[in-house]
Amino acid sequence: MSTTTISPTTSHQRKKVTTLTFRQKKERGEPITMLTAYDYPTAMAIDKAGIDSILVGDSLGMVVLGYENTLPVTMEDMLHHARAVSRGAKSALLVGDMPFMSYQVSTEEAVRNAGRFLQNGGMDAVKLEGGRERADAVRAIVGAGIPVMGHLGLTPQSVHQLGGFRAQGKTASAAKRLLEDAHILKDAGAFSLVLESVPARLAEYISKQISIPTIGIGAGAGCDGQVLVTHDLLGLFERFTPKFVKQYANFHAEMNKAFTDYLDDVETKRFPAVEHTVEMSDDEWDDFQRLTLNV
Ligand code: KIV
């Protein structure tokens, strides 16, 4: 029997993206691409398009579950959606977003919940929000062999502390603190860092200063990569669209048109047409009528 290993990679399936790929792309100056997904078909489409990484973001709470903010999202919500995404995407690096109160109470809980993302959620890495106050948690999770992505700037789980969804790092002292936090997270072992809603020149400066890749959202073109919430990009989330979003489609309008066309077709009896209908042969129908004559 041959001992040759047969790679599961087919011509349609790219090589698996890893944290090492992230580092290599930064070294080569190649932009890293990331999008959010919360379900199987979207994950499949994103993976097929060749996007490097998928974040199962806790933005789930707002764009899929209809909450006002991300605070009500639970570990169970996240794992349910993480599993669906992992079934759809085989090549992208999969990052599970740790929800509010899953890593703040103790480092033990942080490690246990991070582990659940890999063990029960099919994720390759986790993301958590915060700077120096999260260094111990990041160190402990990384110590357990789980890659961690940090998240600085506008950290939505702190929306009440920040006084709303507002840009961060706009004063000299706030910018200095953000730079320090980036170094602290890198030293704690984070493999990458999301920078959300911070001035472009600050994000570029941090990206040049630290050796791990930065992934920007509303942080300008100087980051090592970019991430967007897919529902914003597709025009699926109507409630509000942040200024930094580029909308590539208007799926909300498309959906609305499809649903009203369907409504119209059913009401006017244009649907279902013959081609949507199951037929029965005349012989069988005649037999059926004979059989049921006396029923
Ligand atoms: O939850 C999320 O989608 C995020 C991105 C905005 C980075 O954290």
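Data block above holds the structure.
So, here's what we can say about the structure. Computed from a predicted model, the values in this text were never measured in an experiment.

Moving on, we get to helix 4 (residues 75–88). Along its 14 residues, helix 4 runs 20 Å from first to last C-alpha, staying within 8% of the 20 Å computed at 1.5 Å per residue. Residues M75, M78, L79, H81, A82, A84, V85, S86 and G88 constitute the buried set of helix 4. Of the surrounding secondary structure, the elements contacted by the buried residues of helix 4 are helix 2 (40–49), strand 2 (53–56), helix 3 (60–63), strand 3 (93–97) and helix 5 (107–119).

In the neighbourhood of the ligand, the contacting residues comprise T36, L55, G57, D58, S59, D97, K127, H151, E196, I217 and V229. The side chain of D58 places a nitrogen or oxygen atom 3.0 Å from an oxygen atom of the ligand. A distance of 3.1 Å separates an oxygen atom of the ligand from a polar atom in the side chain of D97. A total of 260 Å² of accessible area belongs to the ligand in isolation, and the protein chains cover 96% of it. Here the shell around the ligand is composed, by residue class, of three nonpolar, four polar and four charged.

With that settled, the discussion passes to the pattern of salt bridges. Taken as a whole and judged by the stated rule, the model has 17 salt bridges. Of the charged contacts, one joins R28 and E30 as a salt bridge, the two residues approaching to 2.9 Å between their closest N and O atoms. Looking at E30, the relative accessible area reads 31%, which means it is partly exposed. In this structure, the salt-bridge partner of D136 is R139, at a minimum N-O distance of 3.0 Å. Of this pair, D136 and R139 both sit in helix 6 (residues 135–143), three residues apart, roughly one helical turn. Salt bridges sharing partners connect three or more residues here, namely R132, K176, E180 and D181.

Calculation rules
- Residues numbered from 1 in each chain as written.
- Predicted model: local features only at pLDDT ≥ 70, side-chain atom pairs only at ≥ 80, totals over all residues.
- Heavy atoms only, no water.
- Helix = DSSP H or I, 4+ residues; strand = E, 2+ residues; numbered from the N terminus.
- Expected span 1.5 Å × (residues − 1).
- Buried < 20%, exposed > 50% of the residue type's maximum accessible area, 1.4 Å probe, protein only.
- Contact = heavy atoms within 4.5 Å.
- Near = heavy atom within 4 Å.
- Polar contact = N/O pair within 3.5 Å; in protein donor to acceptor, adjacent residues only side chain to side chain.
- Areas by Shrake-Rupley, 256 points an atom, 1.4 Å probe, with all protein chains shown as cover.
- Nonpolar A, V, L, I, M, F, W, Y, C, P; charged D, E, K, R; others polar.
- Salt bridge = Lys/Arg side-chain N within 4 Å of Asp/Glu carboxyl O.

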